[in-house]
Amino acid sequence: MNKVSASQAAMTQNAAHSAPSAASLKTRPNSVGYNVAKLREDFPILRQTVNGKPLVYLDNAATTQKPTAVIDCIRRVYENDYSNVHRGVHTLSQRSTDLFEGAREKLQQFLNAKHSHEIMFVRGTTEAINLVAQSFGRSTLKEGDEILITAMEHHSNIVPWQMLCEQTGAKLKVAPIDRTGELLLDEFEQLLSPRTRLVSVCHMSNALGTINPVKAIIELAHSREIPVLLDGAQAAPHMVVDVQDLDCDFYALSGHKLYGPTGIGILYGKEKWLEAMPPYQGGGDMIRRVTFERTEYNALPFKFEAGTPNIVDAIALGTAVEYLETIGMDAIAEYENQLLQYATERALEIPQLTIVGTAERKGAILSFTLERIHPHDIGTILDHLGIAIRAGHHCAMPVMDFFGVPATARASFGLYNTFEEIDILVDGIRKVIEVFG
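Residues numbered from 1 in each chain as written. Predicted model: local features only at pLDDT ≥ 70, side-chain atom pairs only at ≥ 80, totals over all residues. Heavy atoms only, no water.

Can you lay out the overall build of the protein for me, pointing to particular residues and giving the numbers?
Along the protein, the regular secondary structure elements total 16 helices and 17 strands. For 437 residues, the compact-globule estimate of 2.2 N^0.38 gives 22 Å, and the protein sits close to it at 22 Å. With respect to the principal axes defined by its C-alpha atoms, the protein has extents near 75 × 55 × 35 Å. By residue count, 57% of the 437 residues in the protein fall in the buried class. By sequence separation, contacts in the protein at least 24 residues apart represent 73% of the contacts at least 6 residues apart. If the 40 positive side-chain charges of the protein are averaged to one point and the 52 negative ones to another, these points end up 2 Å apart. (Helix = DSSP H or I, 4+ residues; strand = E, 2+ residues; numbered from the N terminus. Rg over C-alpha atoms; globule rule 2.2 N^0.38 Å. Buried < 20%, exposed > 50% of the residue type's maximum accessible area, 1.4 Å probe, protein only. Contact = heavy atoms within 4.5 Å. Lys, Arg positive; Asp, Glu negative; His and termini not counted. Charge placed at Lys NZ, Arg CZ, Asp CG, Glu CD.)

And the structure:
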């Protein structure tokens, strides 16, 4: 693994974005009309100190902090409107149902899905992928069929397909990446075969920040009539996602990475696939009629929502995407792009630091290693300085194996991070190096 040169660093973003200098970035933190100081007031947790230092939260790829609007929504629903949904004729049940289904419509609009019944509430991206594997996969695949993923996938987009292959006799194929962490698209295309039944790829890598050329991937797959699932856990908080424009067949995301609650997420699926797929789980609300002889399943989306759903957190996820839309996903993407460019420039000032993941198109993730210092030690010392990063394999062990490292340290940025926090991070990294001599 080679050190990243300044010229390579300039390639870390889409060529359509010109990279401002570090000095200019520091003097214009409110570019594109972005008032980060005001936004930070919406996040109570950011006001605290950790180990006597102001909290610098840079672990957004793992989970994001929650704005007051989301926190207040959860409290308000429990205090005023909470009841079970879809099943009651009384006022509270009707209120809860209206809020719950209203949240579904908000997610439909956020993803620009064609129909609200193409939006299924699940626990998160992991459950969404497992749903597709066990419903679409088990009803479609047979021995010798193939599923194609990439070498940069999160475990949640590897293990469900391995389990499916064990169940059906299908084979898992893996498209390679290069040393920048970018997908080798020509080799991906070569792996598409008459036996390929599904393509499942991350929209954005959680370990590297790579933004995959998903429209090109979808076009290649669709030219062979192969459906495509996108793992959008990392992409959805950082960019506009339009599932109709992408033309993906399935899109999965997690609420807790989207400034919403934990334990709630979304599976989008095209109506034609969802109608043909059998239910994932059995129980209440996914049925229309039950006898001891047979069960008639409910219509979409309820066919895939067995049991009492995570009502309040679904409603709060709707509030979270409303909050993001008041800021504007394009504005968030532009601001975070500048944060990443500045962080990359500052990181390259440290000779002992190696950036892991330098694809031309990247999201706001900076993964790195330091010579002779384990990432866990980096994370521990930075925590003593009030800086929260992630250290480990990031549920992407094959990525670590590819780059020949046991783990990386990962600073990941969100809509509330600042250029000053990046300076604090860089100063902290220098202190880590001092500690280890």
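Don't stop here, the text continues.
Residues and numbers for the pairing of strand 10 (residues 265-269), please.
Across the five residues of strand 10, five count as buried, placing the element largely inside the fold. Inspection of the sheet shows strand 4 (residues 119-122) paired to strand 10 by four bridges, in the antiparallel sense. Counted as the bridge partner of V122 is G265 from strand 10. With five bridges connecting them, strand 9 (residues 250-254) and strand 10 associate as antiparallel partners. When the bridges of strand 10 are listed, Y251 appears paired with Y268. (Pairing = 2+ DSSP bridges.)

Explain helix 12 (residues 311-327) to me, and be specific about the residues and the numbers.
Given 3.6 residues to a turn, an α-helix orients residues that are three or four positions apart in the same direction. End to end, helix 12 covers 25 Å across 17 residues, agreeing with the expected 24 Å (1.5 Å per residue, within 8%). Among the 17 residues of helix 12, 13 are classified as buried, and the element is accordingly described as predominantly covered. At the exit of helix 12 stands G328, carrying a positive phi of roughly 105 degrees. (Expected span 1.5 Å × (residues − 1).)

Tell me about the side chain of H203, and name the residues and values.
Within the element layout of this structure, H203 appears in the loop between strand 7 (196-202) and helix 9 (214-222). Overall, the relative accessible area of 5% leaves H203 in the buried class. Once you skip the residues sitting within four places of it in the chain, H203 turns out to touch T210, I211, N212, V214, D231, G232, A235, M239, V241, L246 and Y251.

Outline the nonpolar core, supporting the account with residue identities and numerical values.
Judged by nonpolar contacts, the single largest core of 112 residues is most densely connected at F188, V199, Y251 and F413. It is helix 12 that contributes the most residues to this core, ten residues altogether. Filtering out sequence-adjacent residues up to four positions away, V199 remains in contact with L148, F188, L192, I217, A221, I226, P227, V228 and L229. Among the nonpolar cores identified, the runner-up in size contains 25 residues, and L131, V132, A252 and L267 belong to it. (Core = buried A, V, L, I, M, F, W, Y, C linked by side-chain atoms within 4.5 Å.)

If you had to explain the packing of helix 4 (residues 68-81) against helix 12 to someone new, which residues and values would you point to?
The contact between helix 4 and helix 12 brings their axes to 9 Å, and the two run at 145 degrees. Seen from above, helix 4 lies across helix 12 with right-handed handedness. Only V312, D313, I315, A316, T319 and A320 of helix 12 make contact with helix 4, whose side of the interface consists of A69, V70, C73, I74, V77 and Y78. Taken together, the residues of the contact of helix 4 with helix 12 break down into ten nonpolar, one polar and one charged. (Axes fitted to C-alpha atoms, helices over the stretch in contact; angles between N-to-C directions. Left-handed = near helix turned anticlockwise from the far one by under 90°. Nonpolar A, V, L, I, M, F, W, Y, C, P; charged D, E, K, R; others polar.)

So, to be careful, I would describe these as geometric facts and stop short of saying anything about function.
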